[in-house]
Structures are given as structure tokens and as C-alpha cells.
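Coordinate inspection notes
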Amino acid sequence: MRKNYIAGNWKMNKTLVDTQDFAINLSNKLPELKNTEIIICPPSLFVYEMAILTKDTAINVGAQDVSVHEKGAFTSEISAAMIKSTGAKYCIVGHSERRKYHNETDEIINQKLFVLLKNELTPILCIGESAEERENNLTDKVIIKQLSKGLKNVELSVPFIIAYEPIWAIGTGNTATPEMAEEVHLLIRNWLKENYNEKISQTIPILYGGSVKPSNIEELLKQPNIDGGLIGGASLEVDSMREMIKISENIEV
Ligand code: PGA
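What comes next concerns the included structure. None of the values given here were measured: they were computed from a predicted structure.

For the protein, the helix and strand inventory stands at eleven helices and eight strands. Computed over its C-alpha atoms, the radius of gyration of the protein comes to 17 Å, within 12% of the 18 Å expected for a compact globule of 253 residues. The principal-axis extents of the C-alpha atoms in the protein amount to approximately 45 × 45 × 35 Å. Within the protein, buried positions represent 53% of all 253 residues.

Quick look at the structure:
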């Protein structure tokens with residue numbers, strides 16, 4: 001039985017005060033949760049504050065990126081041990097914005113997965129094709145390449161999360177249809193089965209990301225292989241998060 005995940009990726013949004021307000025307001029208004037795991041990934045500067053303010057609540061905290069290095073002279077970089085020491089449990093890796101604006105390759109992402117696992121942080125590995133790749137029927141090929149290279153020599157065990165985020169759906173309002181997303185999620189699950197085993201393939205949550213919001217999350221979550229959302233824009237407001245959490249709780253998992 002896989003839970004539903006409602007994971008917020010704040011990207012480069014909010015200040016310290018906004019973070020505090022959000023943490024307090026969401027914690028106060030949280031319904032009791034049976035089926036849903038909530039994760040908030042604020043900017044790294046506010047990860048600790050979020051972790052402290054949500055310590056005894058159902059809210060889990062993650063970072064948005066990690067350095068490949070363990071420590072030392074790497075100005076501005078943030079290590080996995082630092083993230084771990086804040087109380088955060090998760091870390092996004094390989095987001096398409098990191099791949100695009102910071103030249104992150106599958107090889108770098110692979111190294112980041114190793115440092116996260118070594119520090120007992122749960123990676124949220126992002127993969128996804130561009131609009132052009134989809135138009136040229138390359139989606140499956142791209143997904144399999146990102147999985148094979150990103151997970152090279154990684155001894156996958158739970159907890160570990162994969163997020164399928166088609167680049168053309170991120171921040172555009174163009175969500176993939178539930179059927180389109182489900183097709184890729186099934187491909188990922190089958191790949192996990194072939195390259196790891198049945199148990200891994202059935203237990204690893206696969207989240208969908210790309211313009212997820214309260215009005216479309218239900219149909220996405222109803223798909224058998226979609227286990228939640230990695231949510232950007234719609235994760236910035238407490239009310240919209242709360243609505244998505246409520247919807248998730250009503251869905252059978
Ligand atoms: P979006 O972003 O929900 O704003 O499309 C999702 C993401 O990039 O993780």
C-alpha cells in the first residue's frame with residue numbers, strides 16, 4: 001500500500017516571515033491524516049525554520065538541492081550532512097530547472113543521490129521530457145536514459161521517491177492529462193521492476209509534477225501509478241495546500 005504524497009517545491013519564493021506564517025498556518029489547519037504524507041521544500045535558507053516550526057506535526061521538510069561534495073571549500077554549496085542536521089528528511093534532486101539553468105547532468109545527479117543516501121536523506125529524483133522530445137516521440141527513451149544514468153550503481157531501497165515532471169507542464173498551466181502521466185508512471189514502474197525487483201517497483205512512490213493544483217489533483221491521484229504530486233505554484237498558498245491534502249485523504253490508495 002503506497003501513501004499519497006503532497007510535496008511542495010517552493011523554488012525561489014518566500015522570505016523568512018512568509019515561511020514562518022506558512023508553517024504556523026498550515027500546521028494549525030491540518031486535518032488528521034491517514035493516507036497522506038506532506039512534504040514542504042522551502043529555499044535552503046529556510047529549511048531549518050520550517051523543520052523547527054513543524055517538528056511535531058504531519059509536515060515533513062525537504063531541501064531543493066544538495067552539493068555533490070561532502071564538505072570544504074565550495075562557496076555557497078550546501079552539503080547533505082547540513083541538510084540532515086536541520087531535521088529535514090527529503091531532498092529534491094535533478095529538477096529540470098537545475099538541469100537547465102545549472103547544467104546538471106545525469107552524472108552529477110547520480111553523485112548527489114549517493115551523498116543523500118549516505119546521509120540518510122530521502123531523494124526525490126525528478127525526471128521528465130521536454131516538449132520537443134515529446135513531439136518527436138522520444139519520451140520513453142528520455143525517461144529510461146534519465147533513470148539508467150541517474151540511478152547508475154545506486155542500490156535502491158525504500159525510502160526513495162521518483163517524480164515525473166514533463167518540462168512542458170512545469171509552471172505553464174498545461175498539466176499532462178491523467179492518462180498521459182499514468183502511461184509514463186507505468187513505464188517507470190516497469191523499469192524499476194526490470195532493473196531492481198517487484199517489491200521495489202511496487203513500494204517506491206512515483207509523484208507527478210507540472211501544474212498540479214486543487215482542480216486537477218483528484219483525477220491525477222486516481223491513476224493507479226500516480227502516488228502524489230510535486231507541486232510548485234499551488235504549494236505556495238496554505239489554502240490550496242490544505243485543499244489538495246483533503247482531496248488526497250479522500251482518495252483510496
Ligand atoms: P508547478 O511546478 O507546479 O509550478 O508547475 C512543479 C515543479 O516544478 O516541481
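Next comes the rest of the write-up.
As a further point, take the site of the ligand. With respect to spatial proximity, 13 residues lie near the ligand, and among them Lys-11, His-95, Glu-165, Gly-171 and Ser-211 are the closest. Asn-9 places a polar side-chain atom, nitrogen or oxygen, 3.4 Å from an oxygen atom of the ligand. Note that an oxygen atom of the ligand is positioned 2.7 Å from one of the side-chain N or O atoms of Lys-11. Protein contacts shield 95% of the accessible area of the ligand, which totals 280 Å² for the unbound molecule.

Burial within strand β1 (residues 4-9) is extensive, with six of its six residues counted as buried. Burial along β1 is two-sided: Asn-4, Ile-6 and Gly-8 facing one way and Tyr-5, Ala-7 and Asn-9 facing the other are all buried. Relative to strand β2 (residues 36-41), β1 runs parallel, the two sharing six bridges. Its bridge partner lying in β2, Gly-8 is registered against Ile-40. The parallel pair β1 and β2, bridged by helix α1 (residues 16-28), forms a crossover whose chirality is right-handed. Pairing analysis gives four bridges linking β1 to strand β8 (residues 228-231), with the strands arranged parallel. Looking across to β8, one finds that Ala-7 is bridged to Leu-230.

If you trace the eight strands once around the closed barrel, you get β1-β2-β3-β4-β5-β6-β7-β8, paired in parallel fashion. Recorded for the sheet is a direction-independent mean angle of 25 degrees between the axes of neighbouring strands. Pairing geometry for strand β4 (residues 90-93) and strand β5 (residues 122-127), over four bridges, is parallel. Paired with Val-93 across the bridge in β5 is Leu-125.

With that settled, consider the pattern of salt bridges. What the rule picks out here adds up to 16 salt bridges. One salt bridge connects Lys-11 with Glu-97, and the closest N-O pair in it is separated by 2.8 Å. Within this pair, whereas Lys-11 is found in the loop between β1 and α1, its partner Glu-97 is found in helix α4 (residues 96-101), the two being separated by 86 residues in sequence. Assessed through its relative accessible area of 22%, Lys-11 is described here as partly exposed. For Arg-189, the salt bridge is made with Asp-227, and the minimal N-O distance between the two is 2.8 Å. Remark: Asp-227 occurs in the loop between α10 (217-221) and β8 and Arg-189 occurs in helix α8 (residues 178-195); sequence separation between them is 38 residues. The burial state of Arg-189 is the same as that of Asp-227; both residues are buried.

So, how was this worked out
- Residues numbered from 1 in each chain as written.
- Predicted model: local features only at pLDDT ≥ 70, side-chain atom pairs only at ≥ 80, totals over all residues.
- Heavy atoms only, no water.
- Helix = DSSP H or I, 4+ residues; strand = E, 2+ residues; numbered from the N terminus.
- Rg over C-alpha atoms; globule rule 2.2 N^0.38 Å.
- Buried < 20%, exposed > 50% of the residue type's maximum accessible area, 1.4 Å probe, protein only.
- Near = heavy atom within 4 Å.
- Polar contact = N/O pair within 3.5 Å; in protein donor to acceptor, adjacent residues only side chain to side chain.
- Areas by Shrake-Rupley, 256 points an atom, 1.4 Å probe, with all protein chains shown as cover.
- Pairing = 2+ DSSP bridges.
- Right-handed = clockwise from strand over helix to strand, strands pointing away.
- Axes fitted to C-alpha atoms, helices over the stretch in contact; angles between N-to-C directions.
- Salt bridge = Lys/Arg side-chain N within 4 Å of Asp/Glu carboxyl O.

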